[in-house]
Amino acid sequence: MGTSMPLSSVTRAGTIVDTGADFMNYNVANQVDRERSTTITISSQRSSNSEGGRAGFSSHGTHVFGTIASAWGGNDPSGVAGILGPAIGRKPVSCNVFGQNGDADGASISDIVRCLAHARQRDAHWVVNLSLGGEWSRTDAAVALLRAGLNDHICKGGGIAIVAAHNFAVNVDNPNYDKATYPAAYAGDEVPCLIAVASIDQGDMLSSFSNFGAAVKIAAPGGSILSSVNSNGGADVWAVGKMSGTSMASPHVAGAAMLLMNAFPAATGAVVKDCLLSTATDPVRFVYNPNANLGGGILNVQAAYDCVQQAVAPPLDCAARRIPPCVDAASGVADPACNVNSTSYWCVAVDDQRKGSFNVYTAGSSGAVVLCLHGGGYTGLTWSLVAKHLKDRYRVVAPDLRSHGETSTADDLDFSAETMMRDVVEVWKALFGSSSNSSSSSNRVPTLLVGHSMGGALAVWAAATKEITGLDGVVVIDVVEGTALAALPHMMGVLNSRPAMFQSVQAAAEWAVRSGICKNRELAGLSLPSQLQQAPAGDAAAAGMLTWRTPLTASRPHWEGWYRGLSDTFLSLPVPKMLLLAGTDRLDKSLTIGQMQGKFQLVLMPTAGHAIQEDEPGKTAEHLQQFLHRFRIGEPPMVIPRAPPGVRPVLPVAAGPLLVKDSTVDAAV
């Protein structure tokens with residue numbers, strides 16, 4: 001799972017609220033925090049046991065505890081192993097709410113709430129497993145009491161409550177069903193930190209007894225689960241046994257949650273919960289009850305681990321990513337005017353809901369901002385040579401978009417148009433928003449949005465938000481809605497035809513030029529290195545090879561969303577617009593009509609391929625400069641001189657034909 005096991009340290013303890021754990025079972029004895037464990041029952045706060053939290057007659061709690069935290073390794077002959085592994089540091093706490101007679105006597109809601117409070121007081125509330133529930137909690141007062149206890153003691157403390165969905169084979173979403181049970185029925189919005197767990201058997205089938213419903217968003221093994229059981233008074237210190245039920249499924253998820261909370265101490269309970277649920281995507285089979293449904297799939301600990309690891313990864317240290325002194329970030333060539341401490345050579349961190357940092361290449365220090373967005377698979381360095389031509393008069397800003405180049409985010413596989421558009425807006429705000437939002441118009445940052453292919457679509461969507469308050473123009477390069485949508489069925493074939501690996505950057509650049517992907521050998525040498533990375537370790541055949549950095553095939557579900565509605569949105573933008581295309585056949589109907597109506601400027605560059613900015617960087621920069629000047633973007637407004645007071649202006653007179661004497665024809669001058 002990307003880390004050595006067992007955990008090096010457990011700092012955030014959890015609590016198992018159940019029938020207690022058998023302290024005489026060797027797999028439990030050294031795993032449970034006896035000092036913090038307790039028994040809270042209807043009759044008294046402490047049981048007659050010599051130690052609180054001990055099991056009574058029932059093995060239910062020992063079995064649940066064992067699934068989460070049974071010891072393993074050494075001379076253990078039991079054949080069971082808890083998910084959390086050998087306890088190092090803080091140990092799980094056992095809270096017995098059933099007393100000496102176990103689940104035969106039942107438990108009260110008030111005692112369960114007192115146990116939740118105990119967990120919070122003892123700092124063992126980070127993950128609480130409740131493999132319990134019942135119809136007894138359906139009274140309004142009981143429902144409110146338990147809901148308040150979970151919210152006050154677990155959710156507000158940053159913990160997670162993992163509960164069994166229960167075993168009546170009913171839909172917990174139906175509050176009127178006689179056997180809908182709590183706390184599983186809280187799995188909606190009432191208790192935001194709660195996860196209800198369904199049971200599956202072998203073959204990923206929903207167990208015949210398991211409750212279900214949209215509020216139950218995850219399933220785990222719950223049929224014939226082998227785990228620790230009571231030792232019969234110490235007669236069998238390695239005792240194990242099999243049990244079935246959602247009570248057995250819940251501790252699988254609770255154990256995973258405890259593992260993640262301690263493997264990543266910086267992760268919040270909300271992050272761990274979201275990762276457990278968002279990665280539970282493998283489908284459950286509904287064989288016993290074809291009409292059943294769940295709000296999610298099967299627990300995937302590896303995927304959840306990767307998710308949390310990515311979510312809590314520290315943002316890029318922008319200072320560490322500085323381009324070497326006196327090398328211009330965008331053009332890649334020597335710049336004698338560069339400053340080692342200049343922010344023009346740093347990346348920009350965007351740390352709000354974007355959850356990451358975006359590597360941004362810049363060139364130029366004055367003039368209007370030209371924000372350049374690359375296409376899918378490219379990076380900000382695709383604009384290198386364009387920036388070289390623009391930098392003396394304009395500020396060129398070229399970010400690596402999500403999952404591209406050196407940018408790092410919490411979810412690099414979220415290629416949705418909405419997410420990537422928000423990235424563009426937030427990067428612009430991080431760089432220029434504070435100035436442009438100033439009440440002084442002199443602080444406004446004039447901005448031209450330029451985008452190629454996918455980046456062209458994102459430029460349009462970002463412009464449509466009207467949140468880039470300095471926006472004065474949009475330029476889209478070689479992307480048209482109709483053509484793009486028509487090409488989507490063939491895109492997987494195009495991607496699969498690319499070489500998967502290269503021996504060197506030079507080999508990749510030669511392939512790009514030879515295949516026509518890039519016609520400019522100089523630009524290929526600048527741009528290709530940022531599109532590649534070392535092949536993953538562990539593959540002997542790929543040792544020392546380079547592979548593509550961006551998993552473009554993973555973006556396939558979002559392709560249509562990038563382009564659907566693009567033409568009409570482009571035409572509706574209330575700023576000057578230009579479309580650079582490599583051929584007239586790429587105009588769709590909406591754009592053809594819009595171009596005839598003069599709604600945008602059309603420029604054709606038939607000598608270039610799809611990556612116009614790479615194949616013809618000089619001409620691309622020239623067209624951008626002309627567009628910027630024509631609409632005076634970043635320039636002072638044009639002033640028409642007025643005649644001084646009292647002086648009558650001389651109005652120009654149109655020159656007409658000059659009549660020549662004795663001539664039968666008019667000569668025009």
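Model, not experiment: these values are computed from the prediction. (Residues numbered from 1 in each chain as written. Predicted model: local features only at pLDDT ≥ 70, side-chain atom pairs only at ≥ 80, totals over all residues. Heavy atoms only, no water.)

Trainee: Let's hear about the overall build of the protein chain: which residues, and what values?
Mentor: Broken down by element type, the protein chain carries 18 helices and 25 strands. When burial is assessed residue by residue, the protein chain has 53% of its 669 residues classed as buried. Across the protein chain, contacts joining residues at least 24 apart in sequence account for 72% of those joining residues at least 6 apart. Accessible area of the protein chain: about 29,200 Å², with a carbon and sulfur share of 53%. (Helix = DSSP H or I, 4+ residues; strand = E, 2+ residues; numbered from the N terminus. Buried < 20%, exposed > 50% of the residue type's maximum accessible area, 1.4 Å probe, protein only. Contact = heavy atoms within 4.5 Å. Areas by Shrake-Rupley, 256 points an atom, 1.4 Å probe, with all protein chains shown as cover.)

Trainee: Give me the nonpolar core: which residues, what numbers.
Mentor: In a soluble, globular protein the nonpolar side chains are often hidden away together inside. Core analysis: the biggest nonpolar cluster contains 51 residues, and Leu 371, Leu 373, Leu 449, Val 474, Tyr 563, Leu 579 and Leu 591 have the highest contact counts within it. Mapped by element, the contributors of at least two residues to this core are strand 14 (369-373), helix 9 (417-436), helix 10 (454-464), strand 18 (471-477), helix 11 (481-496), helix 14 (559-563), helix 15 (566-572) and strand 22 (577-581). Among all residues touching Leu 449, those that are not within four sequence positions of it are Leu 371, Leu 373, Ala 459, Ala 462, Ala 463, Ile 468, Leu 471, Gly 473, Val 474 and Val 475. In terms of nonpolar packing, the next biggest core, distinct from the first, is built from 43 residues, Ala 107, Cys 155, Ala 219 and Leu 294 among them. (Core = buried A, V, L, I, M, F, W, Y, C linked by side-chain atoms within 4.5 Å.)

Trainee: Please set out the layout of surface pockets residue by residue, giving values where relevant.
Mentor: With a probe scaled to a water molecule rolled over the atoms, the places where space remains empty come into view. Here the largest pocket defines a volume of roughly 990 Å³. For the lining of the largest pocket, the elements supplying multiple residues, two or more each, are helix 11, helix 12 (505-515), helix 13 (521-531) and helix 14. Here the element with the most residues in the lining of the largest pocket is helix 11; it accounts for eight residues. Here the lining of the largest pocket is composed, by residue class, of 21 nonpolar, 11 polar and four charged. (1 Å grid on protein atoms, 1.4 Å probe; cavity = no way out; pocket = protein on both sides within 12 Å on 5 of 7 lines; lining within 4 Å. Points joined across faces, edges and corners; volume = space filled by probe spheres on them. Nonpolar A, V, L, I, M, F, W, Y, C, P; charged D, E, K, R; others polar.)

Trainee: Provide a residue-level description of the pairing of strand 3 (residues 93-96), including the pertinent values.
Mentor: Here strand 3 shows two buried faces, one formed by Val 93 and Cys 95 and the other by Ser 94 and Asn 96. Looking at chain direction, strand 1 (residues 14-18) and strand 3 are connected through four bridges and run parallel. The residue bridging Asp 18 from the neighbouring strand is Asn 96, located in strand 3. In terms of strand pairing, strand 2 (residues 38-39) meets strand 3 through two bridges, oriented parallel. If you follow Thr 39 over to strand 3, its bridge partner there is Asn 96. (Pairing = 2+ DSSP bridges.)

Trainee: A description of the pattern of salt bridges should follow, citing residues and the corresponding values.
Mentor: What the rule picks out here adds up to 14 salt bridges. When the shortest N-O distance is used, the salt bridge between Arg 549 and Glu 406 registers 3.8 Å. In this pair, Arg 549 sits in the loop between strand 21 (546-548) and helix 14 while Glu 406 sits in the loop between strand 15 (395-399) and strand 16 (408-409), placing the two residues 143 residues apart along the sequence. Note that Glu 426 is salt-bridged to Arg 422, the shortest N-O span being 2.9 Å. On the criterion of helical spacing, the pair formed by Glu 426 and Arg 422 is a turn pair, its members being four residues apart in helix 9. If you follow the salt bridges from partner to partner, you end up with Arg 422, Glu 426, Lys 429 and Glu 467 in one network. (Salt bridge = Lys/Arg side-chain N within 4 Å of Asp/Glu carboxyl O.)

Trainee: I'd like a rundown of empty space enclosed by the protein, residues and numbers included.
Mentor: Summed over all chains, the structure comprises three cavities of 30 Å³ or more. Roughly 60 Å³ of volume is contained in the largest cavity. Lining the largest cavity, in full, are Val 460, Val 476, Val 479, Val 480, Glu 481, Leu 566, Ser 567, Phe 570, Leu 579 and Leu 591. Across the lining of the largest cavity, the residue classes break down as eight nonpolar, one polar and one charged.

Trainee: Tell me what's going on with the sheet that holds strand 5 (residues 160-164), and back it up with residues and numbers.
Mentor: Taken together, eight strands build an open sheet; the order of strands is 2-3-1-4-5-6-7-10 and the sheet is parallel. Each edge of the sheet is formed by a strand with only one pairing partner; in this case those strands are strand 2 and strand 10 (297-298). Here helix 2 (residues 60-69) sits on the sheet in contact with strand 1 and strand 4 (127-130), set at roughly 155° to strand 1. The sheet contacts of helix 6 (residues 269-278) involve strand 5, strand 6 (194-200) and strand 7 (218-221), and relative to strand 6 the element is tilted by about 30°. (Axes fitted to C-alpha atoms, helices over the stretch in contact; angles between N-to-C directions.)

Trainee: Talk me through the packing of aromatic side chains; I want residue IDs and the actual numbers.
Mentor: Here the structure, examined in full by the defined rule, presents nine aromatic pairs. Taking 6.0 Å as the distance between ring centres and 85° as the angle between the ring planes, the aromatic pair formed by Trp 562 and Tyr 563 counts as edge-to-face. Both residues of the pair, Trp 562 and Tyr 563, belong to the buried class. Pairwise contacts between aromatic rings join Phe 502, Trp 511 and Trp 548 into one cluster. The ring centre of Trp 126 lies 5.2 Å from the NZ or CZ of Arg 12, which sits over that ring. (Phe/Tyr/Trp six-rings, centres within 6.5 Å; stacked < 30°, edge-to-face > 60°. Lys NZ or Arg CZ within 6 Å of the ring centre and 35° of its normal.)

Trainee: Give me the sheet that holds strand 21: which residues, what numbers.
Mentor: The three strands lie next to each other as 19-21-20, forming an open sheet whose pairing is antiparallel. Because the sheet does not close on itself, it has two edges, and the strands there are strand 19 (501-502) and strand 20 (532-534). Bridge count for strand 19 against strand 21 is two bridges, and the pairing is antiparallel. If you follow Met 501 over to strand 21, its bridge partner there is Thr 547.

Trainee: Account for the environment of His 63, with residues named and values stated.
Mentor: Locating His 63 in the fold gives a position in helix 2. Residue class for His 63 comes out buried when judged on its relative accessible area of 0%. Between the C-alpha atom of His 63 and that of Met 243, which follows or precedes it by 180 residues, the distance is 7.9 Å. Apart from the residues within four sequence positions on either side, His 63 is in contact with Ile 225, Leu 226, Ser 227, Ser 228, Val 229, Gly 241, Lys 242, Met 243 and Met 248. For His 63, the side chain forms a polar contact with the main-chain oxygen of Ile 225, separated by 2.8 Å. (Polar contact = N/O pair within 3.5 Å; in protein donor to acceptor, adjacent residues only side chain to side chain.)

Trainee: Explain the state of the cysteines to me, using residue names and the numbers behind them.
Mentor: According to the stated counting rule, one finds three disulfides in the structure shown. Sulfur-sulfur distance for the disulfide between Cys 95 and Cys 115 comes to 1.8 Å. Placement of the pair is Cys 95 in strand 3 and Cys 115 in helix 3 (residues 109-121), with a sequence separation of 20 residues. In terms of burial, Cys 95 and Cys 115 fall into one category: buried. Disulfide partner of Cys 155: Cys 193, at an S-S distance of 2.0 Å. (Disulfide = S-S within 2.5 Å.)

Trainee: How would you explain helix 12 if you had to name every residue and give the values?
Mentor: Regarding helix 12, the residues found buried are Ala 508, Ala 509, Trp 511 and Ala 512. Down the axis of helix 12, the buried set is contained in an arc of 160°. They therefore lie on one face. Seen from the open side of helix 12, the exposed residues pointing more than 90 degrees away from its buried face are Gln 506 and Arg 514. Against strand 19, helix 13, strand 20 and strand 21 lie the buried residues of helix 12. Backbone geometry just after helix 12 places Gly 516 at a positive phi near 85°. (Arc of directions from axis to C-beta.)

Trainee: Kindly report on the confidence of the model for the protein chain, identifying the contributing residues and their values.
Mentor: Taken as a whole, the protein chain shows an average pLDDT of 82; of its residues, 81% reach a score of 70 or greater. Note that residues 1-6 has pLDDT below 50 and, in this model, 11 contacts with residues that lie over four places away or in other chains. In this model, residues 315-354 is a region of pLDDT below 50 whose contacts with residues beyond four sequence positions or in other chains number 94 contacts. (pLDDT = per-residue confidence, 0-100.)

Trainee: Give me the packing of helix 2 against helix 5 (residues 246-263): which residues, what numbers.
Mentor: Across the interface, helix 2 lies against helix 5 with an axial gap of 8 Å and an inter-helix angle of 35°. Handedness of the helix 2/helix 5 crossing: right-handed. On helix 5, the residues touching His 60, His 63, Val 64, Thr 67 and Ile 68 of helix 2 are Ser 247, Met 248, Pro 251, His 252, Ala 254, Gly 255 and Met 258. Across the contact of helix 2 with helix 5, the residue classes tally to six nonpolar, six polar and no charged. (Left-handed = near helix turned anticlockwise from the far one by under 90°.)

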